[in-house]
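# Coordinates in review
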Protein chains: 2
Amino acid sequence: MIDHSFTQPEYAARLAKTRAEMATRGLDALFVTDPSNMAWLAGYDGWSFYVHQGVLLTHEGQPVWWGRAMDSAGAQRTTYLDDDNIVGYDDTYVQNPDKHPMEDLARLIAARGLENARIGFELDNYYFTASAFLTLQTRLPGVNIQNATALVNWQRAVKSPTELEYMRRAARIVERMHEVIREKAEVGMRKNDLIADIYHASVSGAHGHWGDYPACVPMTPSGLDATAPHITWDDAPLRNNEGTFFEIAGAHRRYQCPQSRTLFLGKPPQKYLDAENAVLEAIDAGLEQAKPGNRCEDIARAFNTNLRKRGFEKDSRCGYAIGLSYPPDWGERTMSFRAGDTTVLEPGMTFHFMPALWLDDGGIEITEPIVITETGADCLCTTPRALMIKE
Amino acid sequence: MIDHSFTQPEYAARLAKTRAEMATRGLDALFVTDPSNMAWLAGYDGWSFYVHQGVLLTHEGQPVWWGRAMDSAGAQRTTYLDDDNIVGYDDTYVQNPDKHPMEDLARLIAARGLENARIGFELDNYYFTASAFLTLQTRLPGVNIQNATALVNWQRAVKSPTELEYMRRAARIVERMHEVIREKAEVGMRKNDLIADIYHASVSGAHGHWGDYPACVPMTPSGLDATAPHITWDDAPLRNNEGTFFEIAGAHRRYQCPQSRTLFLGKPPQKYLDAENAVLEAIDAGLEQAKPGNRCEDIARAFNTNLRKRGFEKDSRCGYAIGLSYPPDWGERTMSFRAGDTTVLEPGMTFHFMPALWLDDGGIEITEPIVITETGADCLCTTPRALMIKE
């Protein structure tokens, strides 16, 4: 499991980009808890983010991995860091109401001479709680705590050739997952049995490349449940004349390629087909705006204008950045396709163009993971862009 | 997907227990973000915890579900709440650096007459960030913010008969997952292909009961990687004369039953067999102490004393409470089996007795999910308690 996913020069380039942004913001140091940022900077990989941990980066030397003592073995196995830069805290700090692991981090920060530094923390990350903040504030009164939420995520926006290669492998996997749905789904099948087949395809991988775990589980509601976006599954049988959307992702080496399709068993009502046509036309309009120099909001505007012409409305964002990710979100939490997001598109940026419609009586999701190229955008997947109808 | 998992009297009992503890602490209201607490109080289920959301509870009336507008449809589908008590915020708040969803929650809290109340928040929960805290503090200067981390988790410690039934169904599933490992694992098999089979079994379910998603993915390191506890998988083939542990869980209706076993392909070295014997004897000693009236630390002391006699050491906790859970942790984050945890055991409490050993050259995990009974403890699973050796 020694990490050979990326070369040392690639890690060095990541550190340099991140340090440049730290310098712009006047930060002496940065502490990241987002597992995807820990992985991107230091190579760390493991399901240990249910305890407090992080990576500390200054302007000199290697990053420092800090976490639960038992996980320092995992840091030795998966990162490129020297043992001096892997620091574990005592297990008595784990989920103990009487003490907080950030007391230990405070000692580390002081020991590294940063007790009066200006340090960025990811204040709005899942893995940086209010208690973590309050403990550090109390223990490090001299530290100037700055909000560095998504600082590293933004450095990850433009993907390297190796990262794109991993995303394309993940794309092959999610294509295969949709093929399995087409092959296996039938009236009367228990939903969980279909999900079992989807999982099997997802982890088996495709084209010889293994499947890693997606950062979200399959979201697969049917019928009225599909008026809601994030319902998972149970054992209710698939029914005739019912739609089910499959919001799923392939993953390879933690890189995510989400793509949704909608299955209809039987003959779809006209309204459903109208919604399909509206979405397909609006996707084309959106994709035309997906090119370097345009802005995120240009894609949303083109999509929404076209959708409205056909009598449909969508009041939520229709896309977001994707790449390396850990639960609970396969997005990068930086750019969104929506009015007001004026981020300029650049070649190598990757998005989930996610124009889902949740209607009064069901949902339609037909979505495309894309990469911005020198002249426009490529869809990462070749899954047929249409309702998946099995009569 | 309308929730029929629990009766209304069961929900009423949960609210009453929680309100009693709120009264003890002098809380006018409680806001929970832990998805398992949202589910336990209100029935809510969905993979939407990657955005800010929660459940607000006062001493009167129903709880209030608050979250992203698009997820209010999911709240209507999965909770027992009236529409008035399902409140959604505008999508422009989602992952937008210029505004924070907690601005909207602050308005809700004020609108419900709580702008000068004493309110408990789960300050050390994954889904309550430092920014969430800082935004509420700024927007609600009159609110007295109290730390209510795990307040609800503690009310969940003793399981109801229905909850125990769901955990027993999950136990059947994890037994089946270990059977699949025994049936399928062989030298040369790609690890991810074995994981695909494990996932398939996990979601297919067992004894006619469907499998839900476990709150952690399989952690399945081999050889030296098994010196670390939380490494997942890749496509390296299973090798002869190598051990692999499988830290996995079955899940049913979000109730988790984790259990670990260790596979050895070939003939295990004597040290490995010695470790197995030491762990098995120490498990017996621990289980003897697992009975009402004893304390969590009594189990740890019995386990560690016996382990030490055999020449092995474990410096981390050897168990924790389990039940209803969502990623990233299948534990309940209340009780731990370790020195200093003086919680008194009661019938109906459920734990993962997790006496894993991570040695210099590999790891052994043989673990038991248990329920405290009137007179002792029952193991929830019947998986053979031994190394799984395939020569």
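What you see is a predicted model; the values in this text were computed from it and never measured.

### Structural notes on the overall build of chain A
- Looking only at helices and strands, chain A features ten helices and 16 strands.
- Its C-alpha atoms give chain A a radius of gyration of 22 Å, near enough to 21 Å, the size a compact globule of 391 residues would have.
- Counting over 391 residues, chain A shows a buried share of 67%.
- The positive charge centre, built from 39 side chains, and the negative charge centre, built from 53, are 2 Å apart in chain A.

### Details of helix α9 (residues 270-289) of chain B
- Compared with the 28 Å implied by 1.5 Å per residue over 20 residues, the 29 Å span of α9(B) between its first and last C-alpha is a close match.
- For α9(B), the set of buried residues is B:Tyr272, B:Ala275, B:Glu276, B:Ala278, B:Val279, B:Leu280, B:Ala282, B:Ile283, B:Ala285, B:Gly286 and B:Leu287.

### What about the interface of chain A and chain B?
- Chain A puts 74 residues into the contact, and the matching count from chain B is 74 residues.
- Between chain A and chain B the total buried area reaches about 6400 Å² when both faces are included, carbon and sulfur atoms providing 58% of it.
- Taken together, chain A and chain B are joined by two salt bridges.
- For B:Asp225, the salt bridge goes to A:Arg77, with nearest N and O atoms at 2.7 Å.
- Between the two partners, chain A and chain B, sit 46 residue pairs in polar contact (both at pLDDT 80 or more).
- Across the side of chain A that touches chain B, the residue classes break down as 33 nonpolar, 23 polar and 18 charged.

### Thoughts on the relation of the copies chain A and chain B
- With an RMSD of 0.0 Å, the fit of chain A onto chain B corresponds to turning through 180 degrees and sliding 0.0 Å along the axis. Within this description, the copies of the chain are treated as partners about a two-fold rotation axis.

### Notes on the environment of B:Arg338
- Along the chain, B:Arg338 falls in the loop between β10 (331-336) and β11 (350-353).
- Separated by 35 residues in the primary sequence, B:Arg338 and B:Phe303 place their C-alpha atoms 9.8 Å from one another.

### Focus on the pairing of strand β14 (residues 368-372) of chain A
All names here are of chain A.
- The buried fraction of β14 amounts to five of the five residues, a majority that puts the element mostly inside the structure.
- Both faces of β14 are covered, namely the face carrying Glu368, Ile370 and Ile372 and the face carrying Pro369 and Val371.
- Note: strand β11 (residues 350-353) against β14, four bridges, orientation antiparallel. What sits directly across from His352, in β14, is Pro369.
- Note: β14 against strand β15 (residues 377-379), three bridges, orientation antiparallel.

### Examining the UniProt feature "domain: Creatinase N-terminal" (unreviewed entry) in chain A
- Those residues carrying the UniProt feature "domain: Creatinase N-terminal" (unreviewed entry) are residues 14-158 of chain A in this numbering.
- In this annotation, residues 14-158 of chain A is assigned 38% helix and 18% strand; the end-to-end C-alpha distance for the span is 11 Å.

### Comments concerning the UniProt feature "domain: Peptidase M24" (unreviewed entry) in chain A
- Under the present numbering, the feature "domain: Peptidase M24" (unreviewed entry) in UniProt falls on residues 165-374 of chain A.
- Secondary structure within residues 165-374 of chain A divides into 32% helix and 22% strand; the distance between the first and last C-alpha atoms comes to 17 Å.

### A closer look at the environment of A:Arg190
- With respect to the helices and strands, A:Arg190 occurs in the loop between α7 (161-184) and α8 (191-204).
- For A:Arg190, a relative accessible area of 25% corresponds to the partly exposed category.
- When the C-alpha positions of A:Arg190 and A:Trp233 are compared, they lie 9.7 Å apart, and in sequence the two are 43 residues distant.
- Excluding residues that lie within four positions of it along the chain, A:Arg190 makes contacts with A:Asp235, A:Ala236, A:Pro237, B:Ser204, B:Gly208 and B:Trp210.
- There is a polar contact of 3.0 Å between the side chain of A:Arg190 and the backbone oxygen of B:Ser204.

### Details of the nonpolar core
- Core analysis: the largest hydrophobic core is formed by 202 residues, its most contacted members being A:Ile109, A:Phe128, B:Ile109 and B:Phe128.
- Discounting residues that sit within four places of it in the chain, A:Phe128 has contacts with A:Thr33, A:Met102, A:Phe121, A:Glu122, A:Leu123, A:Phe133, A:Leu136, B:Thr129 and B:Ala130.

### A few points about the pattern of salt bridges
Residue and element names in this part refer to chain B.
- With the rule as written, the count across this model stands at 52 salt bridges over all chains.
- Of the charged contacts, one joins Arg156 and Glu332 as a salt bridge, the two residues approaching to 3.6 Å between their closest N and O atoms. One end of the pair, Arg156, is in the loop between α6 (151-155) and α7 (161-184); the other, Glu332, is in strand β10, and 176 residues separate them in sequence. Taken as a pair, Arg156 and Glu332 share a single burial class, namely buried.

### Describing empty space enclosed by the protein
- What the rule picks out here adds up to four cavities of 30 Å³ or more.
- Around the largest cavity sit 28 residues that line it, and A:Tyr199, A:Pro214, A:Val217, B:Tyr199 and B:Val217 are the ones nearest its centre.
- Going through the elements one at a time, α8 and β7 (242-252) of chain A together with α8 (191-204) and β7 (242-252) of chain B are the ones with two or more residues in the lining of the largest cavity.
- Here the residues of the lining of the largest cavity sort into 26 nonpolar, two polar and no charged.

### Observations regarding the sheet that holds strand β6 (residues 144-147) of chain A
All names here are of chain A.
- With mixed pairing, the six strands of this open sheet are ordered in space as β4-β3-β2-β1-β5-β6. With partners counted over all chains shown, the strands left at the sheet margins are β4 (86-89) and β6, one partner each. Averaged over all pairs of adjacent strands, the angle between strand axes in this sheet comes to 25 degrees, irrespective of strand direction.
- In the sheet, strand β3 (residues 64-68) pairs with β4 via four bridges, with the strands oriented parallel. Bridge pairing in β4 places Arg68 opposite Tyr89.
- The strands touched by helix α4 (residues 101-111) within the sheet are β1 (29-32), β2 (54-58), β3, β4 and β5 (118-121), with β3 carrying the most contacts at an inclination of about 155 degrees.

### As for the domain arrangement of chain A
Residues and elements named next belong to chain A.
- Split into domains, chain A comes out as domain 1 (6-154) and domain 2 (159-387).
- If you average the C-alpha positions of domain 1 and of domain 2, the two centres end up 33 Å apart.
- Taken together, the 19 residues of domain 1 in the interface contact 18 residues of domain 2.
- Buried surface at the junction of domain 1 and domain 2, summed over both partners, amounts to about 1400 Å²; 62% is from carbon and sulfur atoms.

### A word on unusual backbone geometry
- Residue A:Pro328 follows A:Pro327 across a cis peptide bond; omega there is 10 degrees.
- In this fold, A:Pro328 is placed in the loop between β9 (319-322) and β10 (331-336).
- Even without glycine at this site, A:Arg253 takes up a positive phi of about 50 degrees.
- Assignment of secondary structure puts A:Arg253 in the loop between β7 and β8 (255-265).
- Of the residues examined, A:Arg253 reaches a relative accessible area of 27% and is grouped as partly exposed.
- At B:Arg333, a residue that is not glycine, the phi angle is positive and equals roughly 60 degrees.
- Position of B:Arg333 among the secondary structure elements: in strand β10.

### What to know about helix α4 (residues 101-111) of chain B
Residues and elements named next belong to chain B.
- Counting buried positions along α4 yields eight of eleven residues, so the element is predominantly enclosed.
- Of the positions making up α4, those classed as buried are Pro101, Met102, Glu103, Asp104, Leu105, Ala106, Leu108 and Ile109.
- Turning to α4, the residues buried within the fold contact β1 (29-32), β2 (54-58), β3 (64-68), β4 (86-89), β5 (118-121) and α5 (130-139).
- At the exit of α4 stands Gly113, carrying a positive phi of roughly 75 degrees.

### Points about the pairing of β2(B)
Residues and elements named next belong to chain B.
- Most of β2 sits out of view: four of its five residues are buried.
- Sheet topology note: the β1/β2 ladder contains four bridges and is antiparallel. Each residue of the ladder has a partner; that of Ala29, found in β2, is Thr58.
- The pairing of β2 with β3 spans three bridges and is antiparallel. Looking at β3, one finds that Leu56 is bridged to Val64.
- Between β2 and β3, which follow one another and run antiparallel, lie five residues, and Gly61 among them has a positive phi close to 70 degrees.

Cut-offs applied
- Residues numbered from 1 in each chain as written.
- Chains lettered and ligands numbered in written order.
- Predicted model: local features only at pLDDT ≥ 70, side-chain atom pairs only at ≥ 80, totals over all residues.
- Heavy atoms only, no water.
- Helix = DSSP H or I, 4+ residues; strand = E, 2+ residues; numbered from the N terminus.
- Rg over C-alpha atoms; globule rule 2.2 N^0.38 Å.
- Buried < 20%, exposed > 50% of the residue type's maximum accessible area, 1.4 Å probe, protein only.
- Lys, Arg positive; Asp, Glu negative; His and termini not counted.
- Charge placed at Lys NZ, Arg CZ, Asp CG, Glu CD.
- Expected span 1.5 Å × (residues − 1).
- Contact = heavy atoms within 4.5 Å.
- Buried area = accessible area lost by both parts, 1.4 Å probe.
- Salt bridge = Lys/Arg side-chain N within 4 Å of Asp/Glu carboxyl O.
- Polar contact = N/O pair within 3.5 Å; in protein donor to acceptor, adjacent residues only side chain to side chain.
- Nonpolar A, V, L, I, M, F, W, Y, C, P; charged D, E, K, R; others polar.
- Least-squares fit on C-alpha atoms with pLDDT ≥ 70 in both.
- Pairing = 2+ DSSP bridges.
- UniProt positions renumbered as here; feature names shortened; annotations may be inferred.
- Core = buried A, V, L, I, M, F, W, Y, C linked by side-chain atoms within 4.5 Å.
- 1 Å grid on protein atoms, 1.4 Å probe; cavity = no way out; pocket = protein on both sides within 12 Å on 5 of 7 lines; lining within 4 Å.
- Points joined across faces, edges and corners; volume = space filled by probe spheres on them.
- Axes fitted to C-alpha atoms, helices over the stretch in contact; angles between N-to-C directions.
- Domains from an automatic or database assignment.

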